[in-house]
Amino acid sequence: MACLRYQWTPYLMYGKKIEMGKHTTIYHQGDVGTGFYYLDKGSVKITLLSENGHERSIDYIPTGGLFGEHGAYNGSYLTSAITTSPSVIHFFSDEVLSRICQDHPQSAVIFTHSQIDKLRLLAEIIAFTDSPIELAMANYLLKLVGVHGSNHIPIDQMSFARYIDTSRMTVNKTLQKWRQQGLIELSGRSVIRVVNIEGLRRVYSRIQCK
């Protein structure tokens, strides 16, 4: 996802600019879509409601990223999108997407790659459902480093817990362990800094091989 950031910028003139306040739902899981979105400013989280009724925060869209691609061409939104701060987004309807792809063929490649990334994310979440907590946490942190293109991850422990589908205390216990091992640093409860990415990858590989 990180390599796709801002690649949609040349086409913003086609979209509809929308300003939204904090905690505003952009679309609901299961709704029939009429298009997709681009995050210009602010922050948006993606949530997934499981069959047992648990809502999990599964992704955070970086500025310059697309989201809701599965809602294009009357597809159903597979997740929900909610702003976590005042945000500026751009909406692209199905008709507009077709026009952009006709005028700029390369845009179809960008859109398709971004759409594939989202489907891979959902498949990954299913694959890690019954995994050990540390494996799921390491995988998620490494993914977020790639998404944000930075080792500073803006995520609070409660959201982390909702992604892993465990308690905040369990998440905090593992984060404190990794902090003592020199893998991460914590800034309050809202930012995690990965200071030893290779070390975290070794943790992931070691647990995965058990």
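Up top is the structure.
These lines cover the structure that appears in this document, whether it is placed above or below.

Rules used in this analysis
- Residues numbered from 1 in each chain as written.
- Predicted model: local features only at pLDDT ≥ 70, side-chain atom pairs only at ≥ 80, totals over all residues.
- Heavy atoms only, no water.
- Pairing = 2+ DSSP bridges.
- Helix = DSSP H or I, 4+ residues; strand = E, 2+ residues; numbered from the N terminus.
- Core = buried A, V, L, I, M, F, W, Y, C linked by side-chain atoms within 4.5 Å.
- Buried < 20%, exposed > 50% of the residue type's maximum accessible area, 1.4 Å probe, protein only.
- Domains from an automatic or database assignment.
- Contact = heavy atoms within 4.5 Å.
- Polar contact = N/O pair within 3.5 Å; in protein donor to acceptor, adjacent residues only side chain to side chain.

1. Some thoughts on the sheet that holds strand β10 (residues 184-187)
Working step 1: Pairing is antiparallel across the open sheet formed by three strands, whose spatial order is β9-β11-β10. Each edge of the open sheet carries a strand with a single partner, namely β9 (152-153) and β10.
Working step 2: Bridging between β9 and strand β11 (residues 191-194) involves two bridges; their strand directions are antiparallel. By the bridge assignment, Ile 153 is partnered in β11 with Ile 192.

2. Topic: the nonpolar core
Working step 1: Among the nonpolar cores identified, the biggest contains 45 residues, and Ile 26, Phe 67, Phe 160 and Trp 178 are the most heavily contacted of them.
Working step 2: Here this core spans two domains, and each of domain 1 (9-127) and domain 2 (131-206) adds at least three residues to it.
Working step 3: If sequence neighbours within four positions are ignored, Phe 67 has contacts with Ile 26, Tyr 27, Phe 36, Tyr 37, Tyr 38, Leu 39, Val 44, Ile 46, Ile 61, Ala 81, Ile 89 and Lys 118.
Working step 4: Trp 8, Tyr 14, Tyr 38 and Leu 97 belong to the second largest nonpolar core, which has 14 residues in total.

3. Brief notes about the side chain of Asp 94
Working step 1: Its place among the elements puts Asp 94 in helix α1 (residues 94-103).
Working step 2: Within the local environment of Asp 94, its side chain forms a polar contact with the backbone nitrogen of Asn 74, the two atoms lying 3.5 Å apart.

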